[in-house]
Amino acid sequence: EGLSVFRSLVFFDTQPNISISVFYRIRINAVDFPETSASFIPGTGISLSVARASATITADWRMNTWLLKDQGRMTVYISGLFIEVIFKVSRDSTGHLSVLLHNCQLHLNSVKVKLNGGS
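Worth saying up front: this structure is predicted, and the values here are computed from it rather than measured.

K.L.:
How should I be thinking about the overall build of the protein chain in this particular structure?
P.N.:
For the protein chain, the helix and strand inventory stands at one helix and six strands. Going from the N terminus to the C terminus, the protein chain shows its helices and strands as α-β-β-β-β-β-β. A total of 119 residues make up the protein chain; the buried ones form 18% of that total. Nonlocal contacts in the protein chain, meaning residues at least 24 apart in sequence, comprise 59% of its contacts between residues at least 6 apart. When the accessible surface of the protein chain is summed, it comes to about 9100 Å², and 60% of that surface belongs to carbon and sulfur atoms.

K.L.:
Is there a simple way to think about a nonpolar patch on the surface in this case?
P.N.:
A contiguous nonpolar surface patch, about 480 Å² in accessible area, is contributed by Leu106, Leu108, Val111, Val113 and Leu115. Take the nonpolar patch: its biggest share by element is three residues, from strand 6 (residues 110–117). Assignment of secondary structure puts Leu115 in strand 6. According to the relative accessible area criterion, Leu115 is exposed, its value standing at 55%.

K.L.:
Teacher, can you tell me more about the pairing of strand 3 (residues 45–65) here?
P.N.:
Every other side chain in a regular strand lies on the same face of the sheet, so the side chains alternate between the two faces. Bridge count for strand 2 (residues 35–41) against strand 3 is seven bridges, and the pairing is antiparallel. By the bridge assignment for strand 3, Thr36 is matched with Val50. For strand 3 and strand 4 (residues 69–91), the ladder comprises 17 bridges, and the chain directions are antiparallel. Among the inter-strand pairings, Ser49 is bridged to a residue of strand 4, identified as Glu84. Hairpin connection, strand 3 to strand 4: the antiparallel pair is bridged by three residues.

K.L.:
Even after reading the chapter, I still don't get the confidence of the model for the protein chain, so can you show me in this structure?
P.N.:
Parts of the model with low pLDDT should not have their predicted coordinates read in detail. When pLDDT is averaged across the protein chain, the result is 86; 82% of the residues are at 70 or more. Taken element by element, the predicted model of the protein chain shows its lowest mean pLDDT in helix 1 (residues 2–10) (55) and its highest in strand 2 (96).

K.L.:
Could you clarify how one ought to interpret the side chain of Thr58 in this entry?
P.N.:
Summarising the element assignment, Thr58 is placed in strand 3. Of note is the side chain of Thr58, whose polar atom sits 2.9 Å from the side chain of Asn29. Leave out the neighbours within four places in its chain, and Thr58 touches Arg25, Ile26, Arg27, Asn29, Met74 and Thr75.

K.L.:
Hey, could you run me through unusual backbone geometry in this one?
P.N.:
Residues other than glycine predominantly adopt negative phi, and peptide bonds predominantly adopt the trans conformation. Even without a glycine there, the phi angle at Arg25 is positive, about 55°. Here Arg25 falls in the exposed class, since its relative accessible area comes to 54%. Residue Arg52 is not a glycine yet carries a positive backbone phi of 55°. The residue Arg52 is located in strand 3 in this model. Given a relative accessible area of 54%, Arg52 falls into the exposed group.

How each quantity is defined
Residues numbered from 1 in each chain as written. Predicted model: local features only at pLDDT ≥ 70, side-chain atom pairs only at ≥ 80, totals over all residues. Heavy atoms only, no water. Helix = DSSP H or I, 4+ residues; strand = E, 2+ residues; numbered from the N terminus. Buried < 20%, exposed > 50% of the residue type's maximum accessible area, 1.4 Å probe, protein only. Contact = heavy atoms within 4.5 Å. Areas by Shrake-Rupley, 256 points an atom, 1.4 Å probe, with all protein chains shown as cover. Patch = residues over 30% accessible without salt bridge, like charges linked within 9 Å, V, L, I, M, F, W, Y side chains within 5 Å. Salt bridge = Lys/Arg side-chain N within 4 Å of Asp/Glu carboxyl O. Pairing = 2+ DSSP bridges. pLDDT = per-residue confidence, 0-100. Polar contact = N/O pair within 3.5 Å; in protein donor to acceptor, adjacent residues only side chain to side chain.

Structure below.
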């Protein structure tokens, strides 16, 4: 009996609910693909790429923590995006076409996040 009382005093839960964050009304406002290409790679398959792409995304946010409750809007600006995907194209033993992901690359030059509203 005494040991269980001691444990309840010493080992009580001191960790409050740290945070609950919610993003909603997510919208893609703008997308730009200024340089796109598709090419055949002999012996491998097809390469698809996008260079210098950009996007603007907005969303509303809400955060609840044990210390702070806040909400607002955020805008995410993505620029200098480069994506290249290479598909290996072949035929299986029955002659059916087979397409497999051979390689994938993604590079980002800049991601900026602007928070509006809130405290």
